[in-house]
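# Overview (structure and organization)
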Number of protein chains: 2
Amino acid sequence: MPQPPASFGEIAGIRPGHEFRNRLELWGAGVHGQTQAGISARAGRGAESIVVSGGYEDDLDLGAWLLYTGKGGRSNESGRQVADQTLTGANLELARNQVLGLPVRVTRKVTENGLTFYRYGGLYRVASYWQEQGRSGHKIWRFRLELLPEEVLPAAEPASTALPGDLFSQAQEPALPYGAAPRQLTTTLRIVRDTAVSRAVKNLYAYRCQVCAVQLASPAGLYAEAAHVRPLGAPHHGPDVLGNVLCLCPNHHVLFDLGSFAVRNDFTLLGLNGKLTLHRRHGLEPHFLHYHREHYFHAPGAYPAEH
Amino acid sequence: MPQPPASFGEIAGIRPGHEFRNRLELWGAGVHGQTQAGISARAGRGAESIVVSGGYEDDLDLGAWLLYTGKGGRSNESGRQVADQTLTGANLELARNQVLGLPVRVTRKVTENGLTFYRYGGLYRVASYWQEQGRSGHKIWRFRLELLPEEVLPAAEPASTALPGDLFSQAQEPALPYGAAPRQLTTTLRIVRDTAVSRAVKNLYAYRCQVCAVQLASPAGLYAEAAHVRPLGAPHHGPDVLGNVLCLCPNHHVLFDLGSFAVRNDFTLLGLNGKLTLHRRHGLEPHFLHYHREHYFHAPGAYPAEH
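Nothing here was measured: the structure is a model prediction, and the numbers come from that model.

This brings us to the overall build of chain A. In terms of helices and strands, chain A carries five helices and 15 strands. Residues counted as buried form 58% of the 307 residues belonging to chain A. A sequence separation of at least 24 residues applies to 61% of the contacts in chain A between residues at least 6 apart. About 12300 Å² of surface is accessible on chain A, with carbon and sulfur atoms providing 52% of the total.

A packed helix pair is summarised by two numbers, namely the angle formed by the two axes and the spacing between the axes. Where helix H4 (residues 250-257) of chain A meets helix H4 (residues 250-257) of chain B, the closest approach of the two axes is 6 Å, and the angle between their N-to-C directions is 140°. Here H4 of chain B runs oblique to H4 of chain A, going by the angle between their axes. Mapping the contact onto sequence places Pro250, Asn251 and Val254 of chain A in H4 of chain A and Pro250, Asn251 and Val254 of chain B in H4 of chain B.

Residues and elements named next belong to chain A. Secondary-structure assignment places Ala206 in the loop between helix H3 (196-204) and strand S10 (216-218). On the accessibility criterion, Ala206 (35% relative accessible area) is partly exposed. Through-space distance from the C-alpha of Ala206 to that of Cys247 is 9.1 Å; in sequence the pair is 41 residues apart. For Ala206, the residues in contact, after removing those within four places along its chain, are Gln215 and Leu222.

Residues and elements named next belong to chain B. If you check helix H2 (residues 89-100), its first and last C-alpha atoms are 16 Å apart, about what twelve residues at 1.5 Å a residue would give, namely 16 Å. Burial analysis of H2 places eleven of its twelve residues in the buried class, which makes it a mostly covered element. The positive-phi residue at the C-terminal boundary of H2 is Gly101, with phi of around 75°.

By the definition in use, this model includes eight aromatic pairs over all chains. Seen from their ring centres, Tyr296 of chain A and Trp130 of chain B are 6.1 Å apart, and the 35° between their planes marks the pair as tilted. On the criterion of chain membership, the pair formed by Tyr296 of chain A in helix H5 (residues 286-296) and Trp130 of chain B in strand S7 (residues 115-133) is interchain, its members lying in two chains. For Tyr296 of chain A, a relative accessible area of 5% translates into the label buried. Taking relative accessible area as the criterion, Trp130 of chain B reaches 0% and is therefore assigned buried.

Here we take up the pattern of salt bridges. Residue and element names in this part refer to chain A. For the coordinates displayed, the defined rule picks out 20 salt bridges over all chains. The residue Arg105 makes a salt bridge to Glu48 at a minimum N-O spacing of 3.7 Å. Taken together, the residues Arg105 in strand S6 (residues 103-112) and Glu48 in strand S3 (residues 46-52) connect sequence positions 57 residues apart. Assessed through its relative accessible area of 0%, Arg105 is described here as buried. Using a relative accessible area of 3% as the deciding quantity, one classes Glu48 as buried. Salt bridges sharing common partners tie together Glu19, Glu112 and Arg119.

A few words now on the environment of Tyr124 of chain A. Residue and element names in this part refer to chain A. As for its position among the elements, Tyr124 is in strand S7 (residues 115-133). A relative accessible area of 1% places Tyr124 in the buried class. A C-alpha to C-alpha distance of 5.1 Å links Tyr124 and Glu146, two positions 22 residues apart in sequence. Within the structure, the side chain of Tyr124 is placed 2.8 Å from the side chain of Arg108, a separation counted as a polar contact.

To continue, consider the pairing of strand S8 (residues 139-147) of chain A. All names here are of chain A. The element S8 is extensively covered by neighbouring structure, given that eight of its nine residues are classed as buried. By the bridge criterion, five bridges tie strand S5 (residues 65-69) to S8 in an arrangement that is antiparallel. Directly across from Tyr68, in S8, lies its bridge partner Phe143. Two elements, S7 and S8, share nine bridges in a ladder whose sense is antiparallel. The residue of S8 that forms the bridge with Val126 is Leu145. Hairpin connection from S7 to S8: five residues lie between these consecutive antiparallel strands, with Gly137 at a positive phi of about 95°.

Further remarks concern unusual backbone geometry. Of note in this structure, Ala206 of chain A is not a glycine but carries a positive phi near 50°. At His237 of chain B, a position not held by glycine, the phi torsion is positive, near 55°. Note on placement: His237 of chain B falls in the loop between strand S12 (225-228) and strand S13 (245-248). Given a relative accessible area of 55%, His237 of chain B falls into the exposed group.

This part is about the side chain of Gln98 of chain B. Mapped onto the elements of the fold, Gln98 of chain B is located in helix H2. Leave out the neighbours within four places in its chain, and Gln98 of chain B touches Leu258 of chain A together with Val126, Ala127, Ser128 and Tyr129 of chain B.

Rules behind the numbers
For every chain, the first residue of the written sequence is number 1, and numbering continues from 1 along that sequence. Written order decides the labels, with chains lettered from A and ligands numbered from 1. This being a predicted model, a pLDDT of at least 70 is required before a residue's local features are given, and a value of 80 or more before pairs of side-chain atoms are given or counted; all residues contribute to the totals for chains, interfaces and linings. By convention in this description, side-chain values take in all heavy atoms of the structure and omit both hydrogens and water. Runs of H or I in DSSP of at least four residues are treated as helices and runs of E of at least two as strands, each being numbered from the N terminus. Only protein chains enter the accessibility calculation, which uses a 1.4 Å probe. A residue is then buried if its area is under 20% of the maximum for its type, exposed if over 50%, and partly exposed in between. Here a residue-residue contact requires only that any non-hydrogen atoms of the pair lie within 4.5 Å. Shrake-Rupley sampling with a 1.4 Å probe provides the accessible areas, and residues are treated as covered by the protein chains on show and by no other component. A fitted line through C-alpha atoms serves as each axis, taken over the contacting stretch for helices, and the angle formed by two N-to-C directions is quoted from 0 to 180°. An angle counts as roughly parallel when it lies under 35 degrees, as roughly antiparallel when it exceeds 145, as roughly perpendicular when it falls between 65 and 115, and as oblique in every other case. Multiplying 1.5 Å by the residue count of a helix minus one yields the expected span of that helix. Put simply, two rings from Phe, Tyr or Trp (the six-membered ring, in Trp's case) pair if the centres are within 6.5 Å, and we call them stacked under 30 degrees between planes, edge-to-face over 60, tilted for the rest. The rule for a salt bridge is simple: a side-chain nitrogen of Lys or Arg has to be within 4 Å of a carboxyl oxygen of Asp or Glu. The definition of a polar contact used here is a pair of N or O atoms within 3.5 Å, where within protein one atom must be able to donate a hydrogen and the other to accept one, and adjacent residues in sequence count solely through side-chain atom pairs. If DSSP finds at least two bridges between two strands, the strands pair.

Printed below as a string of structure tokens:
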């Protein structure tokens, strides 16, 4: 059975709570691209969806967040863990979702009133993943997934990687909020969301920072951040287009947002030495750089920086 | 009139919606430490609270987020902007809240049914700040404040900076959720929350990364992140204590969380060259480093890192 094209994010017309009689219906609706496997993933691109069926002894599902056990090492007969899992294949792809900021659709196998069916649960982010000894004594990979608040969901995207030229028309309207997932106490939340534009700029620079050229590597792939030059949202209303984003490491993203440095129209840096690395297909628009300079940049030393 | 001691975060017994007849009542309850000024701040420590009174022509208040205009440059007679504002004094302190991740209490002056009073609105974070030309043509500083979802609010803290030894008993329970602020479309959210522990570790290292010694400077102060070694929250349940946090730059925080590197019990690094800088008063506990190594660290090259 051929898989439908990979698609990350919401499926049009399918809201959380939508029910499906069986895996084939789920597959036909494009919610989960596998009829048996729990993880639907694309090699090197991340995981689009999972089905939580309660088959793993170490799974835990609290609705707003869940612990999902990776694939592999399980006996077909007993269903028990009989060997170590590895961070390869579908497990590696699910790990990539954290690094790339990709959402994953979660569907649950449910039994109610003697009926077994599948209920779509919404988009989750992979908040973290790690290895541990499962109850069986074998090594398992675990993924903590957290329900994404609906107002900040990325829009569903086409399967193919859009060309930079296509991105200028993809202005997105924020969805209406319906409330957010409860969270545990945290001191830092870094939620990086994937969009076609952020992916395009990171690919253009091979995940290297345009300021310092650092390339951060993790076991699940390279990590970089797309920084909007003129900010999104009110009152700035910068567009989510390639001409308005930079590929930066987290350090330079923080410094850019805090106004520690800015970029002149000739792409030399203000507040730092050097010049922005620029790809000929980037199309970075100087009027956005001007907006950032005017609003965010503060000349070093102009104000006291003691703390 | 002497100010009550500075206190960031919630005031015990004061919930959003709490009403006060006048500024003196507000002051007496400890919600706002000034009887006239709109910003209550401590030099070098940030702003604890603001009162939004609609006095500035460029203010905008949409409830879940608001644009707040800085202080200064306004005529006492006309109330109009007659000169440029500067990023100094109370304005600088409010800017520090963004850099330090400090929450600010927001109270609104309200007129309903012919009555004017003050209504506490809850804790907000300073999401960004910038300069622009106000309607008057003069330069103003603007602050975008966003309502913090209640479940991740930092607990109210004592006025004095706690000694490291005091922090081990400050385990915090997460509050119950009541829903989150609606947000505009964003691709990256970096919400850094201040706690006594995170502040202590950053001060111990003068905001220098314990791995690379970088010190990120912004116009409103130095920026660093407190990284929990054994993560907070289920299922890891690491404690929010000084012995379980590191002072890291954002780049090394990301790499640490993604398992690109770890720390041996002798504080040399795994996956990176070198050794962790360690302050003699830090009390970093090796069993937390062990937990992180076992669960998060992946030997470089053990898994494919293509993307």
